[in-house]
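# Structure assessment
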Amino acid sequence: MAFQLIPSGTKIDFVQYRSIAQGISALLIIGSIAAFFTIGLNFGIDFRGGVTVEVGPGEGEAFTRQSLTDARSAIEKLDLGQVQVQNISTPGGEQGIVAIIEAVTGTDDDDQRQNEVATQVQNTLREALGDTISIRRVDVVGPTVSGELVQAGVTALLVAIGLMLAYIWFRFEWQFSIGAILALTHDVILTIGVFTVTQLEFSLAIIAALLTIIGYSMNDTVVIYDRIRENLRKFKKMDLKDVINLSVNQTLGRTIMTSLTTLLAVVSLFVFGGDVLRGFSFALIWGVIVGTYSTVYIASPLLLSTGVKRDWSENRAPDLAEARP
């Protein structure tokens, strides 16, 4: 006998709670937008420009709490502006120290200065922690590149949502595309909102996570939309509300199992992936939860307001009749 996490034949009235869910979503969207314009995102150096130098202990050695204090004191003496020096852990469990110097300079001609600062920071860390330390990573992002990355990131999100709109429009009908795009926009805004409130670093990796969330949420939506369209053809006299509830219940087991198995992977990445992957994995965890919610309570119930057709074969009925001998 096959294991079923969700028993077959469930009759949960999801549509009944659509007003409550949509009201909560509206409040969260307003809160996210307000937080974005008042608090702002904690942009990483990908978008601000700056220098990141990550070092690890020498072979057979280990960093201590005093190592972090020494590194921080040495970097602060360079007087480079706003500096962060902190401990990190790698996916392999190794400890390291990372120094982040934000926007060393502010004009387009300062890329050379950024490289000079990167070299200066490396030499300073060697003096403070010993010549045996290993330089694991050096990232230098000039002001010109950081501006281009901001533009490219926003463009990627808008293009992804636009292409999803076109896909749903041709795959189903325009009535379906409205719900799907509103659900995707809902997911993106809430994800940006949670990063604004938590002040987790917002980097290019988070843009990649947002694109992944868009794809995941759309996949969930398409599965339920397919079942709704199938049931609209099958149960032509059933009330649209009941058709939506039936379709969501029929796909509920698949939706929950897909979400749980995905969460198992990304939670493991969050716990064991180290500080470098923490923001990316957190975004995916949040996106899976919000994406599943929006598919059930945003995308599907909105079909009640868009005047979705009951039978797609109606447009082709005259042609089929004429073609018969």
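Here goes a summary of the coordinates provided.

## Looking at the side chain of Ser-25
With respect to the secondary-structure elements, Ser-25 resides in helix α1 (residues 18-38). Residue classification places Ser-25 among the buried residues on the basis of a relative accessible area of 3%. Reaching out from Ser-25, the side chain makes a polar contact with the side chain of His-186 at a distance of 3.1 Å. The residues touching Ser-25, leaving out its near neighbours within four places in the chain, are His-186, Tyr-293 and Ile-298.

## Here we look at the environment of Ala-283
Turning to its location among the elements, Ala-283 is positioned in helix α10 (residues 278-299). With 92 residues separating them in the primary sequence, Ala-283 and Thr-191 have C-alpha atoms 6.9 Å apart. In contact with Ala-283, not counting residues within four places along its chain, are Phe-195, Ile-206, Ala-209 and Ile-213.

## A word on a nonpolar patch on the surface
There is a patch of nonpolar side chains on the surface, built from Leu-165, Trp-169, Phe-170, Trp-174, Ile-178 and Leu-182 and spanning about 640 Å² of accessible area. At the level of elements, α5 (143-171) and α6 (174-198) are the ones that each hand at least two residues to the nonpolar patch. Turning to its location among the elements, Phe-170 is positioned in helix α5.

## Considering the pairing of strand β2 (residues 50-56)
Of all seven residues making up β2, seven are buried, and the element is well covered by its neighbours. As judged from the seven bridges shared by β2 and strand β5 (residues 134-141), these two strands associate in the antiparallel manner. Pairing of Gly-56 across the sheet is with Ser-134, part of β5.

## Some details on the packing of α6 against helix α7 (residues 204-234)
Where α6 contacts α7, the two axes come as close as 10 Å, and the packing angle between them is 150°. In terms of orientation, α6 lies roughly antiparallel with respect to α7. Our pair here, α6 against α7, has a crossing hand that is right-handed. Contacts between α6 and α7 involve Phe-176, Gly-179, Ala-180, Leu-184, Asp-187, Val-188, Thr-191, Ile-192 and Phe-195 on the former and, on the latter, Ile-206, Leu-210, Ile-213, Ile-214, Ser-217, Met-218, Thr-221, Tyr-225 and Ile-228. Across the contact of α6 with α7, the residue classes tally to 13 nonpolar, four polar and one charged.

## With respect to the nonpolar core
Within the largest apolar cluster, 48 residues are counted, with the highest numbers of intra-cluster contacts made by Phe-176, Phe-202, Tyr-225 and Ile-228. Elements with a minimum of two residues in this core: α5, α6, α7, α8 (240-250), α9 (252-272) and α10. Sort the elements by how many residues they give to this core and α7 lands first, with 13 residues. Every residue in contact with Phe-202, bar those within four places of it in the chain, is listed here: Leu-41, Asn-42, Phe-43, Gly-44, Phe-47, Phe-195, Ile-207 and Leu-210.

## Considering the layout of surface pockets
Taken as a whole, the largest pocket holds about 680 Å³ of empty space. Considering the residues around the largest pocket, the lining is formed by 26 residues, among which Gln-86, Ile-100, Glu-201, Asp-275 and Val-276 are closest to the centre. Sort the elements by how many residues they give to the lining of the largest pocket and strand β3 (residues 83-89) lands first, with four residues. The residue inventory of the lining of the largest pocket, partitioned by class, reads ten nonpolar, nine polar and seven charged. Lining of the second largest pocket is provided by 20 residues; of these, Phe-36, Val-154, Leu-157, Val-188 and Ile-192 occupy positions nearest its centre. Listing elements by their share of the lining of the second largest pocket, those giving two or more residues are α1, α5 and α6. Element by element, the count of residues in the lining of the second largest pocket is highest for α5, at six residues.

## As for the environment of Ser-73
Looking at the secondary structure, you find Ser-73 in helix α3 (residues 65-76). Taking the relative accessible area as the measure of exposure, Ser-73 reaches 33% and is therefore partly exposed. In the structure, Ser-73 is positioned 55 residues away from Ala-128 in sequence and 8.8 Å away in space, judged by C-alpha atoms.

## Let's talk about the packing of aromatic side chains
Counted according to the given criterion, the structure contains eight aromatic pairs. Where Phe-270 meets Phe-282, the ring centres are 6.5 Å apart and the plane angle is 45°; that geometry is what we call tilted. A residue pair is termed long-range when its members are at least 10 positions apart, and Phe-270 in helix α9 and Phe-282 in helix α10 qualify at twelve residues. Residue classification places Phe-270 among the partly exposed residues on the basis of a relative accessible area of 27%. A network of ring pairs unites the aromatic residues Phe-43, Phe-195, Phe-202, Phe-270 and Phe-282 as a single cluster. The ring centre of Phe-270 lies 5.4 Å from the NZ or CZ of Arg-278, which sits over that ring.

Parameters at a glance
- Residues numbered from 1 in each chain as written.
- Predicted model: local features only at pLDDT ≥ 70, side-chain atom pairs only at ≥ 80, totals over all residues.
- Heavy atoms only, no water.
- Helix = DSSP H or I, 4+ residues; strand = E, 2+ residues; numbered from the N terminus.
- Buried < 20%, exposed > 50% of the residue type's maximum accessible area, 1.4 Å probe, protein only.
- Polar contact = N/O pair within 3.5 Å; in protein donor to acceptor, adjacent residues only side chain to side chain.
- Contact = heavy atoms within 4.5 Å.
- Patch = residues over 30% accessible without salt bridge, like charges linked within 9 Å, V, L, I, M, F, W, Y side chains within 5 Å.
- Areas by Shrake-Rupley, 256 points an atom, 1.4 Å probe, with all protein chains shown as cover.
- Salt bridge = Lys/Arg side-chain N within 4 Å of Asp/Glu carboxyl O.
- Pairing = 2+ DSSP bridges.
- Axes fitted to C-alpha atoms, helices over the stretch in contact; angles between N-to-C directions.
- Parallel < 35°, antiparallel > 145°, perpendicular 65-115°, else oblique.
- Left-handed = near helix turned anticlockwise from the far one by under 90°.
- Nonpolar A, V, L, I, M, F, W, Y, C, P; charged D, E, K, R; others polar.
- Core = buried A, V, L, I, M, F, W, Y, C linked by side-chain atoms within 4.5 Å.
- 1 Å grid on protein atoms, 1.4 Å probe; cavity = no way out; pocket = protein on both sides within 12 Å on 5 of 7 lines; lining within 4 Å.
- Points joined across faces, edges and corners; volume = space filled by probe spheres on them.
- Phe/Tyr/Trp six-rings, centres within 6.5 Å; stacked < 30°, edge-to-face > 60°.
- Lys NZ or Arg CZ within 6 Å of the ring centre and 35° of its normal.

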